[in-house]
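# Observations on the model geometry
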Amino acid sequence: MPELAEVAYACSLWNRGLSRQIKAVHVSPTSRVFRDEDRKRFSAELAGKTLMKSETHGKQMLFTFSGDYWLGLHLGMTGSLHIKEKSHSPQKHDALLLFQAKQTLVFQDPRQFGRLRMHKGKHPPDWWTEQPVSMLSPKFTIEIVAHALNRHTKRPLKALLLDQRYFPGMGNWMADEVLWRANLHPNCRSAMIGPKEQKKLFSQILFVVHGAMKSVGTKGGDPPKKWLFHQRWKDGGTCPKSGVTLIREEIGGRTSCWSPDLQKLGE
DNA sequence: ATACCTGTTTCCCG
DNA sequence: CCGGGAAACAGGTA
């Protein structure tokens, strides 16, 4: 269930393994999550190291190990992290198992859209340090939103919000939640947006991102009750504000959900 | 059996 | 070279 806040929560699940040594490593011989990496590196280089630190940036995770080793992890669509007993035996979709003295850190991913990377060096890898400004950072300003809008005037807002170069960590449900709160139609183009809507879009991004972190990000589970989140998956879901039946349709390549009376497409 | 899916990458088009 | 959109990736679930 991987968007910004869910990724943060998933990452924290491995924190029980912090300051503990990796006794042994199991690597799936077939899972696609290793992509172009040499999967032998993961077992050869992580065995014997200690997990020192975990952090997230958008949907990306970085785990720091002793000896200047770094593990990058992306959950893709169906990836998840778990803690299992120390004698956990590899299951069908287990991509990476890190065995510790008292427990096993598990990364599983049935659809294998996730991704693992290894890095060795004194400093974090480029693919980590060169990420766009986090939406949780004070440096994430309305100028970033304005820049994205100005640069992609013909893209539906929904597709733009999902662009990780500007909004790292934004996923399908968060984008719908933001647009619903900003009263903007997902198929609206940025060319049609004035400064007032821009401001609204920016402030609702902050609201949703921080609200999601406070709920989902720290406790897991679902966002607050009145959020669109709880209505957007089912046919016949209703708008939490107005009560009308929500519309679901593919926009920007993804199923989108919006309230037809609150989010109008201006002519 | 069919359709659908909280994501990214690649390919193709204008 | 670009911006934008569709397809591909793969398997579980309803």
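Residues numbered from 1 in each chain as written. Chains lettered and ligands numbered in written order. Predicted model: local features only at pLDDT ≥ 70, side-chain atom pairs only at ≥ 80, totals over all residues. Heavy atoms only, no water.

## Concerning the nonpolar core
Counting 33 residues, the largest nonpolar core has L161, F167, M170, L201 and I205 as its most contacted members. If you list the elements that add at least two residues to this core, you get α1 (4–13), α4 (142–151), α5 (157–161), α6 (172–181) and α7 (195–219). Among the nonpolar cores identified, the runner-up in size contains 27 residues, and C11, V33, F42 and L98 belong to it. (Core = buried A, V, L, I, M, F, W, Y, C linked by side-chain atoms within 4.5 Å. Buried < 20%, exposed > 50% of the residue type's maximum accessible area, 1.4 Å probe, protein only. Helix = DSSP H or I, 4+ residues; strand = E, 2+ residues; numbered from the N terminus.)

## Details of the protein's contact with DNA strand C
Taken together, 14 residues surround DNA strand C, and among them H93, R111, R151, H152 and R155 come closest. Atoms of DNA strand C within 4 Å of the protein: sugar and phosphate make up 58%, bases the balance. H152 has a polar side-chain atom sitting 2.5 Å from a phosphate oxygen of DNA strand C. Contact between DNA strand C and K154: a phosphate oxygen at 3.3 Å from a main-chain N or O atom of the residue. Here the surface near DNA strand C is built from residues that sort into three nonpolar, four polar and seven charged. (Near = heavy atom within 4 Å. Polar contact = N/O pair within 3.5 Å; in protein donor to acceptor, adjacent residues only side chain to side chain. Nonpolar A, V, L, I, M, F, W, Y, C, P; charged D, E, K, R; others polar.)

## Things to note about the protein's contact with DNA strand B
In the vicinity of DNA strand B there are 18 residues, among which E6, K59, R111, N172 and R254 approach most closely. Each atom of DNA strand B within 4 Å of the protein belongs either to a base or to sugar and phosphate, the latter forming 59%. Side-chain polar atom of E3 to a sugar or linking oxygen of DNA strand B: 3.2 Å apart, as the coordinates give it. Residue K59 places a side-chain N or O atom 2.8 Å away from a phosphate oxygen belonging to DNA strand B. Contributions of two or more residues to the surface near DNA strand B are made by α6 and β10 (254–258). A per-class count over the surface near DNA strand B returns six nonpolar, six polar and six charged.

## With respect to the environment of A10
Note that A10 resides in helix α1. Residues A10 and M61, 51 residues apart in the sequence, show an inter-C-alpha distance of 9.5 Å. Not counting the four nearest positions on each side in its chain, A10 is found in contact with M61, L75 and L81. (Contact = heavy atoms within 4.5 Å.)

## Points about the domain arrangement of chain A
Per the domain assignment, the segments of chain A are domain 1 (4–129) and domain 2 (142–258). Distance from the C-alpha centre of domain 1 to the C-alpha centre of domain 2: 30 Å. One can count zero salt bridges joining domain 1 with domain 2. Linking domain 1 to domain 2 there are three residue pairs in polar contact (both at pLDDT 80 or more). In terms of residues, the side of domain 1 that touches domain 2 owes the most to one element, α1, which gives five residues. Taken together, the residues of the side of domain 1 that touches domain 2 break down into four nonpolar, two polar and two charged. (Domains from an automatic or database assignment. Salt bridge = Lys/Arg side-chain N within 4 Å of Asp/Glu carboxyl O.)

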